[in-house]
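Architecture at a glance
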Amino acid sequence: MFSYYVQLGVRSLKRNPWLTALMVMAIGFGVAASMITYSVFRAVSGNPIPEKSERLFIPQIDSWGPKYNLLGNEPPYALNYVDAMAMMRTHKAKHQTMLYPIGLSALPRGGQSIPFTVEGFTVQSDFFAMFDVPFQYGGAWPTSDDDQRAAVVVISRKLNDKLFGGENSLGREITLSGHNYRVVGITENWNPKPRFFAVWGGSSFGNPSDIYIPISRAMDLRIDTAGNNSCRGRIDYSDWDGWLQSNCVWVTPWVQLDSAAEVAQYRQFLEGYAADQQRAGRYGWAPNVRLRNVMEWLDYMQVVPKESSISLLVALGFFAICLINTIGLLLAKFLRRAGEIGVRRALGASRREIYVQYLIEAGAVGLAGGVLGLLLTALGISGVGLLFQPQIARLAHLDFTLVGLTLLVSIFATMVAALYPTWRAAQVQPAWQLKSN
Amino acid sequence: MLQIKPILVALKRHKAGTILIALQIALTLAIVCNALFIIQQRVTRLQRPTGLQESDLLTIQSRFVGVADDGVAPLIRSDVLALRQVTGVEDAYATNSYPLRGGGWSTGARLNPDAKKPTAQTTQYFVDEHALATMGAKLIAGRNFNAGEIVVADPKSLKTPPQAIVTKALAEKLYPKESALGKPFYLGDDKTPATIIGIVERLQVPWSGTWTDNFNDNAVLLPVQLTSNFTVYLIRAKPGQLADITKSVPAALFKNNRMRVITGERGIRTFATVREQAYKSDRGMAILMGVVCLVLLAITAAGIVGLTSFWVGQRRKQIGVRRALGATKRDILSYFLTENLLIGIVGVVIGAGLAIGMNLWLVSHFEMARLSLVYVLAGVVLLLLLGQGAVLAPAMRASRVSPIEATRSV
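The paragraphs below set out a description of the structure included in this document.

Reading the values: the criteria
Residues numbered from 1 in each chain as written. Chains lettered and ligands numbered in written order. Predicted model: local features only at pLDDT ≥ 70, side-chain atom pairs only at ≥ 80, totals over all residues. Heavy atoms only, no water. Helix = DSSP H or I, 4+ residues; strand = E, 2+ residues; numbered from the N terminus. Rg over C-alpha atoms; globule rule 2.2 N^0.38 Å. Buried < 20%, exposed > 50% of the residue type's maximum accessible area, 1.4 Å probe, protein only. Contact = heavy atoms within 4.5 Å. Areas by Shrake-Rupley, 256 points an atom, 1.4 Å probe, with all protein chains shown as cover. Pairing = 2+ DSSP bridges. Phe/Tyr/Trp six-rings, centres within 6.5 Å; stacked < 30°, edge-to-face > 60°. Axes fitted to C-alpha atoms, helices over the stretch in contact; angles between N-to-C directions. Parallel < 35°, antiparallel > 145°, perpendicular 65-115°, else oblique. Left-handed = near helix turned anticlockwise from the far one by under 90°. Nonpolar A, V, L, I, M, F, W, Y, C, P; charged D, E, K, R; others polar. Salt bridge = Lys/Arg side-chain N within 4 Å of Asp/Glu carboxyl O. Arc of directions from axis to C-beta. Buried area = accessible area lost by both parts, 1.4 Å probe. Polar contact = N/O pair within 3.5 Å; in protein donor to acceptor, adjacent residues only side chain to side chain.

**Let's talk about the overall build of chain A**
- Secondary structure assignment for chain A yields 16 helices and eleven strands.
- Against the globule reference of 22 Å for 437 residues, chain A gives a C-alpha radius of gyration of 31 Å, more extended than a compact globule.
- Principal axes of the C-alpha set define a box for chain A whose edges measure 100 × 60 × 35 Å.
- Here chain A holds 437 residues, and the buried ones make up 55% of them.
- Long-range pairs, those at least 24 residues apart, make up 75% of the contacts in chain A with a sequence separation of at least 6.
- Carbon and sulfur atoms make up 57% of the accessible area of chain A, which totals about 18600 Å².

The structure is reproduced here in structure tokens:
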């Protein structure tokens, strides 16, 4: 019976090719618009580290005071040097890292070569374990290297390919902006999206990092941040040391807290620290601290671009209109065949069978719309670069999930749209129809 | 107009179809109004002038390798001199930023150094006496810097220099009632003032985001040569030589000093590229919304054609009867047009409410501007016309139904 209904469905679709084409196009456009915008939204709003996002926190301390704070008396986005170093020393969380983005130059071997830029972060040893950084060779430097301010570096697989032709280069030396570093680890290609740990100060969807060096070493070499540096109030520093002592914030701290108890403890520690600073006269205001986990932080920093949300909303509205359109057209199509339905009912077809037949017909329209939608989605995704920065546009792609989703959504939505028209079709009274003819 | 009553009665019998068309018109109106509004806002933004003569401009970002900041000053000096010697180069200077670059310095400008709130927000461009000529910015009062006024300073120990050139927009904000020329103002929390020695007609800030909208044309030019190993060069080509110098200038820089990197995606850009990249998402959004509007209107029109055609088919017999009883073709035509107009009016009334509601929601969630009612009115007219246009073909077909249909069974 099923194949018979499919046959009937296909035949009926052929009977009003214009009406059918109209429906297929409406569904195709609607589903494609939704899927294209969804693919971007999915890429920018995902959880970059699902296994641990609940356990990684970014502590914030009010170092500016109520006069200069962000809207709603929110403390600054990052730490100043003094607070960052104090927290680094106290090491209250079991795992923690301070970080800031850097841009250095590297010189490939060979006399006539010209230097190129390498970008990365100054971090602490814990960074790699905390953020589950995968390694090709070697691993993180030992924590003792942080304390000894060692000249060590972890490089990316890509940089290793460029500098050493991809061979195991552990223990070799590289020169970055005139200083030598020993390679202790080579990461796999790793670049979480969004790059949650450097949303402020770095870039949320930036290129993968090439290098990581100990923050202690970077301080010795006076390597300036390549990211944001935000100062409020009177800027009274006049040299590097003055800058370090100033209220400019530029260091991002991260801690790993594995249980609710640890979180509570750490929050207490932060408040205690801020209270100490108040007592010491450094801060003239009451403790004002925040402790947000990864998703809370991404939300607070509004990482999802405005364009993405608005276009997703518009696309959903668009899809809704396409479906309303489809309901109307299906209604017209089904009711035009009231006579035919009457005959079938009179010959003994049950309401159920009418339902099945017409829903299958709608499903066929949905499938055709889905296929068209798939083509349009593929086309549209290649045009995402029109609206978004290349770093974001690169993230939107057509994968199996999206293909499946496109077809499913399209078939399902069409069948939902067909419920009312089908119900109307099944209500056709056989006797009445036969008589009126 | 006499037909309204019978139309209402007839519509009652086609409730589902009527509601569907009205709903579709309402939703389409809501989206189209907001989309048109977004387009208008974005297009206005991307037409803003920078104050530069944008043709024949080239920008380069360079970072010296293995040089401490305090050793950079002579290197930048020598770079600039080398750039001015390149064939095809009209003029050049070194700076921290330029309009639409996408990164730079911003600070508050004050008349009273002890005021809590700055009088105006502004960007700072650190330049030399060649900057105005290179940018093609128009000096409308006062004078340019002279070579003796340019000071060399480390960005970490910067003090406000005694002279400054400001944009007209900033001058008027600082001194709304009198000429700002020769008057002092304070930058950031600095206690020493700068004196305004010149006013340029316009210079945009380095950013294009909406957060800069309230100080988009506020800029200060300061006679400072910053010593940071990261430097930006702005270069004006002789007319028609831009393509040539885009190749020869980087080569000249490397010849002057090999130990440097020309940095990343913003390394070498003509100003046309700078503008394109700065407004990429604005332009993209406008195009996307335009496409959405067109497809949406087409789909709505097609829906109306489809449903009306069905109604006409269904009512052939009744139409035949009316024709036989003396109704003219015009009567039939106007019946369907009026019917559609009634549905359309209900749709646009609901739609106008939806459009405003949707805009209020966008305003609260995405810091968008309030929708102007002109857009709602334009949308209403557009959709009513679209409905009448869409219904025309099926209505014409209906009017051609012959009275003989009355005697025929379907």
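Here the narrative resumes, following the displayed structure.
**As for the pairing of strand S1 (residues 56-61) of chain A**
All names here are of chain A.
- Counting buried positions over the six residues of S1 gives six, a clear majority of the element.
- Of the pairings in the sheet, the one linking S1 to strand S10 (residues 249-256) comprises two bridges and is antiparallel in character. Considered in S10, the bridge of Phe 57 is made with Val 255.
- Pairing between S1 and strand S11 (residues 289-293): five bridges, direction antiparallel. From the neighbouring strand, Gln 60 faces S11, where its bridge partner is Arg 290.

**Regarding the side chain of Thr 123 of chain B**
- Positionally, Thr 123 of chain B belongs in strand S4 (residues 120-126).
- Thr 123 of chain B has contacts with Trp 105, Ser 106, Val 205, Pro 206, Trp 207, Phe 215, Asn 218, Ala 219 and Val 220 of chain B, leaving out every residue within four places of it along the chain.

**Regarding the packing of aromatic side chains**
- Counted by the stated rule, this structure contains 31 aromatic pairs over all chains.
- Here Tyr 77 of chain A and Tyr 300 of chain A contribute two aromatic rings whose centre-to-centre distance is 6.3 Å and whose plane-to-plane angle is 50°, an arrangement assigned as tilted. Residue Tyr 77 of chain A is located in the loop between S1 and strand S2 (79-80), and its partner Tyr 300 of chain A is located in helix H10 (residues 294-300); the two are separated by 223 residues in the primary sequence.
- For Tyr 300 of chain A, a relative accessible area of 25% gives the class partly exposed.
- With 5.4 Å between their ring centres and 80° between their planes, Tyr 335 of chain B and Phe 336 of chain B make a pair best called edge-to-face.
- With relative accessibility at 10%, the residue Tyr 335 of chain B sits in the buried group.
- Connected via pairs of aromatic rings, a cluster forms that spans Phe 121, Phe 127, Phe 128, Phe 131, Phe 135, Trp 141, Trp 190, Phe 196, Phe 197, Tyr 212 and Trp 254 of chain A.

**Let's talk about the packing of helix H2 (residues 17-45) of chain A against helix H15 (residues 400-426) of chain A**
Residue and element names in this part refer to chain A.
- Where H2 contacts H15, the two axes come as close as 10 Å, and the packing angle between them is 140°. Between H2 and H15, the crossing angle belongs to the class labelled oblique. The chirality of how H2 crosses H15 is right-handed. Contacts between H2 and H15 pair Ile 27, Val 31, Met 35, Tyr 38, Ser 39 and Arg 42 from the former with Thr 401, Leu 402, Leu 405, Thr 406, Val 409, Ser 410 and Thr 414 from the latter.
- Considered class by class, the residues forming the contact of H2 with H15 number seven nonpolar, five polar and one charged.

**Quick notes on the pattern of salt bridges**
Residue and element names in this part refer to chain B.
- Under the criterion given, the structure shown has 27 salt bridges over all chains.
- Ionic pairing is found between Arg 45 and Asp 282, a salt bridge with its closest N-O pair at 3.3 Å. You can see Arg 45 sitting in helix H2 (residues 15-46) and its partner Asp 282 sitting in helix H8 (residues 280-314), a full 237 residues away along the chain. Comparing Arg 45 with Asp 282, the two get one shared label, buried.
- With a shortest N-O distance of 2.8 Å, Glu 54 and Arg 275 are connected by a salt bridge.

**So, helix H12 (residues 338-346) of chain A**
Residues and elements named next belong to chain A.
- Taken together, the buried positions of H12 are Ala 338, Ile 341, Gly 342, Arg 344 and Arg 345. Angular distribution of buried residues about the axis of H12 spans 165°; they occupy a single face of the element.
- Two residues or fewer past H12, Gly 348 is found with a positive phi of approximately 110°.

**So, unusual backbone geometry**
Residue and element names in this part refer to chain A.
- The omega torsion of the bond from Lys 193 to Pro 194 falls at -15°, within 30 degrees of zero and hence cis.
- Mapped onto the fold, Pro 194 is located in the loop between strand S8 (179-187) and strand S9 (211-214).
- Even without a glycine there, the phi angle at Arg 149 is positive, about 55°.
- Looking at the secondary structure, you find Arg 149 in the loop between helix H5 (143-147) and strand S6 (152-156).
- Within the chain, Arg 222 stands out as a residue other than glycine whose phi angle is a positive 55°.
- For Arg 222, the location among the structural elements is in the loop between helix H7 (215-220) and helix H8 (240-245).
- Since its relative accessible area comes to 46%, Arg 222 is described here as partly exposed.

**Describing the interface of chain B and chain A**
- If you look at the interface, chain B gives 50 residues, while chain A gives 57 residues.
- Here chain B meets chain A over a buried area of about 4400 Å², counting both sides, of which 70% is carbon and sulfur.
- Sorting the residues of chain B by area buried against chain A places Lys 156, Phe 310 and Phe 366 of chain B first, and these three jointly supply 16% of that buried surface.
- Linking chain B with chain A are zero salt bridges, by the criterion used here.
- Taken together, the links from chain B to chain A amount to one residue pair in polar contact (both at pLDDT 80 or more).
- Contributing elements (two or more residues each) for the side of chain B that touches chain A: H2, strand S13 (260-262), H8 and helix H10 (329-366) of chain B.
- The dominant element in the side of chain B that touches chain A, judged by the number of residues it contributes, is H8 of chain B, at 18 residues.
- Along the lines of polarity and charge, the residues of the side of chain B that touches chain A split into 25 nonpolar, 14 polar and eleven charged.

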